[in-house]
Amino acid sequence: MERDVARPMFDTDELVINMGPQHPATHGVLRVVLKLDGERVVDADVVIGYLHRGVEKLSENRDWTQIVLLTDRLDYVASAAANLAYVETVEKLLSLEVPRRARYIRTILAELQRLASHLVWLGSHAMDIGAVTVFLYCLRERELILDLFEEYCGARLTYNSMRIGGLPQDLPPNWDKKVLQFCDIQLEKLVEYETLLTHNRIWLERTKGIGVISAADAIAVGLCGPPLRGSGVVRDVRKDEPYAAYAEMEFDVPVGTNGDTYDRYLVRLEEIRQSVRIIRQALGGLPEGPVMGKVPRLIKPPAGETYHANESPKGEIGYFIASDGKSTSPYRLRVRPPSFCNLQALPQLVRGHLVADVIALIGTIDIVLGEVDR
Amino acid sequence: MIDLLVIPLIKIVIVLTGVLITVMYLVLLERKVQAWVQVRLGPMRVGPHGVLQPIADVLKLFVKEDITPVRADKVVFTLAPIIVLVPAIIAFAVIPFGDQVSIFGKPVPLHIADLNIGLLYIVAVASIGIYGIILGGWSSNSKYPLLGGLRASAQLISYEVAVTLTFVSVILASGSLSMVDIVTAQKANGVWFAFVQPLALFIYFVGALAETNRSPFDLPEAEQELVAGFHTEYSGMRFALFFLAEYANMIVVSAVATTLFFGGWLRPFPSVAFLHFLDFVPTWIWFVVKTFLVLYLFLWIRATLPRYRYDQLMRLGWKVLIPLAIANIIVTAAVKVALSD
């Protein structure tokens, strides 16, 4: 009997496994349906939506200031960044002038937030690859940042730290000295993480050449933030379309060359250094003055629509807001969350890699499900 | 009668309880060491500095619901943890914990049995444990355990080869397969085999990490990838058996390392005469101290290194460790022949 040529001699079935939504390393409620050939990933299907709260719809029934609270809950490891992008968009709609001191403090808060977010990323990414100690070291420093935020606005996670037109309050006394102290500690501890990872053979083998994405592909799939820069594309909203006080700051935009997991790691570590540099500059040149601009009692932007983007720790966070000019809430608010856009690249990144790499790759694109699902 | 039955039985009871208690406290030690490395305190609540934590853990595992998945193969599912644990414990039968002591004027050697093929016995017994892991992963009838079981079997078998090859070079150096004779050979040579066979020690240690599923080779139970690997579906006491076996295995490989490479119960520098005052320390204390130093290395490594990937682990085993081990045997044999002429 003639054997069916299409059918191989051994019966090889593809194994479909369901990673998540309850899984220790999917960073929340991400679900990835993996099609495996042995341990090799043939295909991956990302299922999202488990944390959907309807933030965009909710904001149509909140007034403009209340929405700041909702933006807190998007990227809950970097809520100040989401706050900032939102209030700036509304200010753009209102054509409001923000006092210079407020813009400086916003920059400091945003950069502290970037440090906190990158520390959580580094810790969880390293832990996924098995280096548990790095996680605890990173959280140790993040704790200091949370303390700083707590002193500034009273909250440790969802800060509600920005207001349309400025800031809720001025800096507490001596806060700037504590921040400078923290900057020194951070740079010192960064060396500690690097001794554990950067030249570690196992770390190199686990991250070099894993999840390579070329610059062209990265742009095509819509990557933003550190994953995009890891592929060598120089794109940073802080530089390209400066907001807050970034136009007056001096900093470099680190980029990778190979677009692999290791380069993305190096890019983020360098960003930590650059953030410290920005914070020091901003504190050094902190102008005097009020922290709140002239904001009308009732915020009712004129009819129109606008889009404004910021560089959040995860990438480009943007808000598209349409106002009908009559009501005290937006007619339509749409968030462009960096995690959501970056997550799209996951199937492309994991194809052909092993199960263990899937975990490393979920880590490397740095997602927060609160932002993906909204 | 007394020599044949009573004394070995007493020894078995002592070793068994000793091993189980050590395992319990090894878990605590691991949590403490990890915590200290990671700027934490570790268990602090149960008893002063958490010294009673192991007892609380065991109690908890005893009273937990023991779930058998509906679609699991029930007989094999129950048998698997036993198959893993028993070999881990009976391996202690040939480990010499100390020199002879005299109790009531009667010389009693501090080992349960001095098999003339002691080392072979350990290799044989240790490889049985693998079956338990494979069967546990397979009988759960679930995907993550299956992947974990497959990884484990591949890993353990390949590293078993490298480890066994290092034994060969130790046998060449000592001229015996008996664990007691290996220690006395180190005394006669006046030097620990760690200095004679440093390469073998290195390969043995790496292989031992892999064989006990310890970081950086803890792939079969890689929490971030496979949930809990082959014992994902296990709970309660049956899970505890796997857990016990893992730590008992760690103690076995450390005890074997101590015996083969660090002079077993011998004091440091057994040939240096002016250190004789160290002889007042009972021999078994030296053994325990050395074993714990080796165990500490396991814990230290776990707190420091990331995890290897499956294919990298296999490459390291087959392309680096096994060729090195074979080369080591050839060189050892050549030197031995050259010296004997």
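Our structure's up above, just so we're on the same page.
As the structure is a prediction and not an experimental result, all values here were calculated from the model. (Residues numbered from 1 in each chain as written. Chains lettered and ligands numbered in written order. Predicted model: local features only at pLDDT ≥ 70, side-chain atom pairs only at ≥ 80, totals over all residues.)

## So, the overall build of chain B
Across its full length, chain B holds 12 helices and two strands. For a compact globule of 341 residues, the expected C-alpha radius of gyration is about 20 Å, and chain B comes in at 21 Å, within 12% of that figure. Dimensions of chain B, computed from C-alpha atoms along their principal axes, come out at roughly 65 × 50 × 50 Å. Counting contacts in chain B only where the partners sit at least 6 residues apart, residues at least 24 apart contribute 77% of the total. (Helix = DSSP H or I, 4+ residues; strand = E, 2+ residues; numbered from the N terminus. Rg over C-alpha atoms; globule rule 2.2 N^0.38 Å. Contact = placed C-beta atoms within 7 Å.)

## So, the nonpolar core
Formed by 202 residues in total, the largest nonpolar core has its most connected members in Leu346(A), Val358(A), Ala248(B), Ile251(B) and Ala257(B). In terms of residue count, helix 10 (residues 236-261) of chain B provides more of this core than any other element does, 16 residues in total. Not counting chain neighbours up to four residues away, the residues in contact with Ile251(B) comprise Val19(B), Thr22(B), Val23(B), Leu26(B), Thr291(B) and Leu295(B). (Core = buried A, V, L, I, M, F, W, Y, C linked by C-beta atoms within 7 Å. Buried ≥ 20, exposed ≤ 12 C-beta atoms within 10 Å, placed from the backbone.)

## Observations concerning the packing of helix 4 (residues 100-128) of chain A against helix 5 (residues 132-153) of chain A
Helices that pack against each other are described as a pair by the angle of their axes relative to one another and the distance between those axes. Residues and elements named next belong to chain A. One way to put it is that helix 4 packs onto helix 5 with a least axis distance of 8 Å and a crossing angle of 160°. By the criterion of interaxial angle, the relationship of helix 4 to helix 5 is roughly antiparallel. In the crossing of helix 4 with helix 5, the sense of the turn from one axis to the other is left-handed. Contacts between helix 4 and helix 5 involve Leu112, Leu115, Ala116, Leu119, Val120, Leu122, Gly123, Ser124, Ala126 and Met127 on the former and, on the latter, Val132, Val134, Phe135, Cys138, Leu139, Glu141, Arg142, Ile145 and Leu148. Of the residues belonging to the contact of helix 4 with helix 5, the class tally is 15 nonpolar, two polar and two charged. (Axes fitted to C-alpha atoms, helices over the stretch in contact; angles between N-to-C directions. Parallel < 35°, antiparallel > 145°, perpendicular 65-115°, else oblique. Left-handed = near helix turned anticlockwise from the far one by under 90°. Nonpolar A, V, L, I, M, F, W, Y, C, P; charged D, E, K, R; others polar.)

## Concerning helix 6 (residues 179-189) of chain B
All names here are of chain B. Inspection of helix 6 places Met179, Val180, Ile182, Val183 and Gln186 among the buried residues, and these make up the whole buried set. All buried residues of helix 6 lie within an arc of 165° about the axis, which places them on one face of the element. In this fold, the buried residues of helix 6 make contact with helix 4 (118-139), helix 5 (143-174), helix 7 (193-196) and helix 10. Just downstream of helix 6 lies glycine 190, where phi reads positive at about 75°. (Arc of directions from axis to C-beta.)

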